[in-house]
Each structure stands twice: as structure tokens, then as C-alpha cells.
Amino acid sequence: MNSANIRNFVIIAHIDHGKSTLADRMLEITGTVPKEKMHPQMLDMMELEQERGITIKLQPVRMEYQGFILNLIDTPGHVDFSYEVSRSLAAVEGAVLVVDATKGVQAQTLANLHHAQENNLTIIPVINKIDLPNAEAERVGEEIANLLKIDQADIIKVSAKTGEGVEKILEKIIGDIPAPKGDEAGDFKALIFDSVYDSFRGVIAYVRVFDGKLKKGERIKFLAAKKTGEAVETGEFKLRYQPREELGTGEIGYIVTGARDLSEVKVGDTICQDSPEEVSPIAGFKIPQSMVFASFHLQGGEPSHLRTALEKLKLNDSSLSFEPENSAAFGHGFRCGFLGLLHLEIVKERLEREYNLDLIVTQPQVLYKTHMVGTKIEYEEPWVALEIVTPKEFIGPIMALAQNKRAAYKDTKYFSDMTLLEYDAPLSEVIIDFYDKLKSVSSGYASQNYEIVGWRPGDLVKMDVLIAGEKIEEFNRIVPREQAQQEAKNLAIKLKNIIPRQMFEVSIQIAVGSHILAREDISAMKKDVTAKLYGGDVTRKNKLLKKQAKGKKKMKMLGRVEIPDDVFLKMLQR
Ligand SMILES: Nc1nc2c(ncn2[C@@H]2O[C@H](COP(=O)(O)OP(=O)(O)O)[C@@H](O)[C@H]2O)c(=O)[nH]1
Ligand SMILES: [Mg+2]
């Protein structure tokens, strides 16, 4: 394969602007998928992706058009999955930037564009959904022209739904995106931008070849992992694995490595020929650190099943982290790290669905650093650079909201009718309900993006929860000192509503150190529920007791108090 005829590109956009639908049309026009086999969002291959209508994982596919090889990588738009985008960007030369004609430029449009520019990619701007009656292609075109400092005429207007204009994008991809550069005669060198685990064939590495070529059966070396192996199979992506005898310079394809252990095939690592020569690694991408943590416990069943499931899931999701943990209430479990709350939710759902587990998930918290200063604990918390894109009329309420969330204002930028507000803010404030509030104060028009920027000291305190006088570690949380009083009150009331009455009176106390901030009492259960059946029908009484026993299965002991298993989920609901 001559690399002059290869074009590698990603489709990037804010969530829901039509990336996956545009990919569908490209698959159709290039004849990669016959029309009768098409279904919407073809590249969202996970059941969960199809159900929710969102892309979670990057997905490469190889198309052929007018004598060219077009390697497309479809990417997710949600901020929790931006790691998928950054890995994709490292594997290509160009980016199709899609903007919804009814929405205009939004926060992820800017963030993804910014990253694409950092990677020196050729940008092909596209306005999508021009078939919709409320499309404002002119206005949105002005925004994009303004943003990219280009002519409106250079923006392609399309409908990914009807296919109108999509061929123009393909032509521009061929005309404008440079062919991959690389030394075709040199030693083989490729970047691993993804990997998946196949229970029959082991780890399959998704690679972009930068130099040389690799033939099936050749020995390979994983640079960072310092491991060697064999290219058991090489091939290309055709919505399934399509074996091919070799992978050449500039190509995107896969290598079946035979490895059983993912620590050998690290995403971001460089694969090269197995020779003693020194090889410098390909500059890849930053590996993100999990900043949101929650504990996963099984509702009954073997804890080892949960470990196995997490290990397998991690093989296909390198951003998931976990370590064993012991909880007085829930027994053995795992403290798991995520890139955000949606990531957490997706992992939970995949574990339950793909591994048939029933999980208890504790209150998610961001990762705090603590230091002892004398006898006092000092906290540091993760901060993010927060970008909010909004029409001008909502700037006031958004600024008020940000202030309320401890955000520090940095800058305002304008492009056409849209405004970009830049803040630094504590991650804990941004992940919990900031987005919901932002949507509500802006009638749905504002959007946000954030990136971790580092740690900052915070005036934070640890709130303990005492139930019937006993400290319940599972409930403790770290909050800003100035919010502690209000939080304590809310928490006490919430717990009072969730914890069922017991045979005795139960006190709920929220404390910081030895200082009680809030207290609620749950009065004792009045009567034995079976008492009123005295002398009555024995079978009815037994039936009632049985029913009670069944209900009890879903209960856990926290100290002397019985609480429902789903208490943490209930606490998260507002
Ligand atoms: N009317 C119309 N709807 C579109 C168009 N492109 C995408 N959509 C719809 O917009 C929604 C989001 O599309 P999707 O491709 O999943 O967006 P993604 O999140 O960027 O991958 C889906 O309901 C699509 O059917 C278009 O050109 N016209
Ligand atoms: Mg998508």
C-alpha cells in the first residue's frame, strides 16, 4: 500500500452534533456497508451505546473511495470520554469538525478543536443538520468562520441524515488532509491507540503505523512494557476484524498479540520490531488520572466475581482503576477510580449487564490529598479549567452560579453571538450538579467543558455520620467548611427519610470532629406488625413473616441499625 493514497482522520464535535450519523453516511457512500445492512449509528457497537444513543468508545473503520484509503475514527463527545478523543487525535492527520446548525459552537466543539490544533491536524469544518427547519447555517457559519479565521465559503454544509453534501466532505478529506508521512523503508514502528481483550485471542492492539511495515508472524517488542511477542494476526477494520498479511506505513489496523495480560500491551506504548536496537518511543498522549472515586460492593455473591469482572472490563477500558477495600458494612469490595460520573455510571451498568452482578455503589467523591500540619489535617482538592459557552443573555445568571460553586473567574472571550466564559473551579463542585444547574439557568443553551489543571489547598472539613451513636465510615464526606452546616442539615434529614424505623429510637448525628452540626431522631417502631393478627389465622401470620424475611434480604447492618442496601443510591437522588 502506497501511503500517498491514505488519509487518516477523526470526526470530532460536541455531543449529539451528528458524528456517528455522519460516519454512517460515509460508510454508505463508500460502499463499506451495503445500504440494506445499515442501521443508525453503525459505529456505536456496544449495546449500551445503541440504547443510550451516545458514543462511549472510539471506533476505527477503513473505507475506500476514488482510489484512496480513508481511515476514519469516530469519537465520543462527552467530557468523561475525552481520553478516547485524545488517543484518536494522535493516530491521524486530519479532523472533520462537525457543528450542529441548530446549536452552533458549543463547549466541546472548542475543546476538541483546540486539541486537534495542538496535534497539528488539518481541520475540515462542517455544519450539519441543515435539513432541520430551525437550522441557522448562516449564523453558525459566521461563528465557525470567526473561530477558525476562515471564509464562510470554506465550510461544508451537510445533512448527515439525508446525505446531502457528505460527498463534498470526502473530496475535501482527500484534497486537504496530508498523506501520512513516514519512512516506508525504515524499521517498523507503531503507536497503540487502543486495545481490546478477546477471550479467545487475547489482547488485540489497535495501532497506527508510523514507519516501516509489519508482516503477520513477525516478532514484536512493546517499548515501555519491555515485553516481546508475536504478531499472531494483522489486519484492518471493516466493522469487523479483516485479516491482512501486513500493515504498512501510515496505516491504521490491528495486531492480535496473543498476550493474555494487558500490562504487556499498554495503550500509548510503541510497538516496534523485536531487535536489540535502541528505539525512541512515538510521542503519544497524556494518560489521564482518575479523579472521581466510589466503592463497589456486591449485593450477595462472591467478591472474587467482582474482581474478575473489573479485571476483564479494565482490559477494554484502560482509564478504569480499582483496588480492594474492606468495609464494615458491606464487606469486601473495591474502591474504583473514574474519569467522571458518567464514566462511573457506564462502568456500573456494564458490570451489571455484561457480568450479571448486583452492585452497591457508595457516594462518589473526588480524590483529596491530605497532609498533617501539627495535629491538623489540611486538604488539597483537584481543580479544573472550566469553559462555558453561552449566548450573551445568560452571562449574568451563569456568573452567579459559578460564584456559588467557588469558581474563580479568569476571562471572557467573544466570537459572534457566542460567549466563552473561562473559570478555574474545584472539580467536586463541577461534577455534582453544575451541569444541570447550568442548563437550567440558560434554558438549555449553555454548554461546558473542563480539564483537570492540578491541586489546590481547600478550606475543607471531614463530616462524620453517627447513627445510633456509632460512626459509620461509609457515609463520611469532605465538604467546604462554609457549606458544612447546611450540608449537615440536609444529610441528616435525608438519612432520616431513608433509614426505616427500628425497634428502638435511632439518632442521626452529623459531626465535624467533636462538634455536632445536625441531629435528627427516628422514633421507634410502634408495634410488632404481627401483633394485630393475634389468635388469628396461623398461615396468614406465617405468610406475613415470610414476606418480611424476604424484604430483609435487601437490608444491611450498619452498627446496630438495619438499612436498605440501596441507601447510597437514594442519597444521591435529589
Ligand atoms: N435532522 C437531522 N438529525 C440528525 C442529523 N445528524 C444527526 N442527527 C440526529 O442527531 C442525533 C445525534 O446524532 P449522533 O450521530 O448520535 O451524534 P454524536 O453524538 O455526535 O455521535 C441523532 O438523533 C441523529 O439522528 C442531520 O443531519 N439531520
Ligand atoms: Mg456518536
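To be clear, the structure that these remarks concern was listed above.
Residues numbered from 1 in each chain as written. Chains lettered and ligands numbered in written order. Predicted model: local features only at pLDDT ≥ 70, side-chain atom pairs only at ≥ 80, totals over all residues. Heavy atoms only, no water.

(A) Inspection of the packing of helix α7 (residues 303-315) against helix α8 (residues 341-354) at higher detail. The interhelical angle for the contact between α7 and α8, taken along N-to-C directions, is 115°, at an axis separation of 11 Å. When you trace α7 past α8, the crossing you get is right-handed. Between α7 and α8, the contacting residues are L306, A309, L310 and L313 on the first element and V347, R350, L351 and E354 on the second. Of the residues that constitute the contact of α7 with α8, the class distribution is 6 nonpolar, no polar and 2 charged. (Axes fitted to C-alpha atoms, helices over the stretch in contact; angles between N-to-C directions. Helix = DSSP H or I, 4+ residues; strand = E, 2+ residues; numbered from the N terminus. Left-handed = near helix turned anticlockwise from the far one by under 90°. Contact = heavy atoms within 4.5 Å. Nonpolar A, V, L, I, M, F, W, Y, C, P; charged D, E, K, R; others polar.)

(B) Spotlight on the coordination of the magnesium ion (ligand 2). Summarising the metal site, the magnesium ion (ligand 2) is bound by the protein donors S20 (OG) and T55 (OG1), whose distances to it range over 2.0 to 2.1 Å. Remark: T55 occurs in the loop between α2 (47-52) and β2 (59-65) and S20 occurs in helix α1 (residues 19-29); sequence separation between them is 35 residues. For the residue pair S20 and T55, the accessibility class agrees, reading buried in each case. (Donors = N, O, S within 2.8 Å, 3.2 Å for Na, K, Ca; no water. Buried < 20%, exposed > 50% of the residue type's maximum accessible area, 1.4 Å probe, protein only.)

(C) How the structure looks around the nonpolar core. Grouped together as the largest cluster of nonpolar side chains are 38 residues, with contacts concentrated most on I12, I73 and I144. For this core, the element with the most residues is helix α5 (residues 137-148), which contributes 5 residues. Residues in contact with I73, not counting those within four places in the same chain, are F9, V10, I11, L58, Q59, P60, S88, A91, V92, F193 and I252. Core analysis: the second largest hydrophobic core is formed by 30 residues, M42, F68, V96 and I174 among them. (Core = buried A, V, L, I, M, F, W, Y, C linked by side-chain atoms within 4.5 Å.)

(D) Structural detail: the packing of helix α9 (residues 395-404) against helix α10 (residues 427-441). At a closest axis distance of 9 Å, the pairing of α9 and α10 adopts a crossing angle of 160°. The angle between α9 and α10 falls in the class roughly antiparallel. Pair α9 / α10 crosses with right-handed handedness. Contacts from P397, I398, L401 and A402 of α9 reach α10 at F434, K437, L438 and V441. Here the contact of α9 with α10 is built from residues that sort into 7 nonpolar, no polar and 1 charged. (Parallel < 35°, antiparallel > 145°, perpendicular 65-115°, else oblique.)

(E) Region of the structure containing empty space enclosed by the protein. This structure, assessed with the given rule, holds 2 cavities of 30 Å³ or more. Each pocket or cavity is described by its volume, and for the largest cavity that value is around 140 Å³. If you trace the largest cavity, you find 15 residues lining it, with I56, F81, E84, D317 and H343 closest to the centre. Elements represented by at least two residues in the lining of the largest cavity include exactly α3 (82-89) and α8. For the lining of the largest cavity, the element with the highest residue contribution is α8, accounting for 4 residues. When grouped by side-chain class, the residues that make up the lining of the largest cavity number 7 nonpolar, 3 polar and 5 charged. Estimates place the volume of the second largest cavity at around 50 Å³. As for the second largest cavity, its lining consists of V79, S82, Q108, A111, N112, H115, N449, Y450 and E451. (1 Å grid on protein atoms, 1.4 Å probe; cavity = no way out; pocket = protein on both sides within 12 Å on 5 of 7 lines; lining within 4 Å. Points joined across faces, edges and corners; volume = space filled by probe spheres on them.)

(F) Just the layout of surface pockets, in detail. Approximately 810 Å³ is the volume attributed to the second largest pocket. Residue lining of the second largest pocket: 28 residues in total, with S82, S86, K286, P288 and E451 positioned closest to the centre. Considered class by class, the residues forming the lining of the second largest pocket number 17 nonpolar, 7 polar and 4 charged.

(G) Seen up close, unusual backbone geometry. In this model, R406 sits at a positive phi of 65°, which is unusual for a non-glycine residue. Looking at where R406 falls in the secondary structure, it is placed in the loop between α9 and β24 (408-415). Of note, the phi angle at A468 is positive, near 50°, even though the residue is not glycine. Secondary-structure assignment places A468 in the loop between β27 (460-467) and β28 (470-471).

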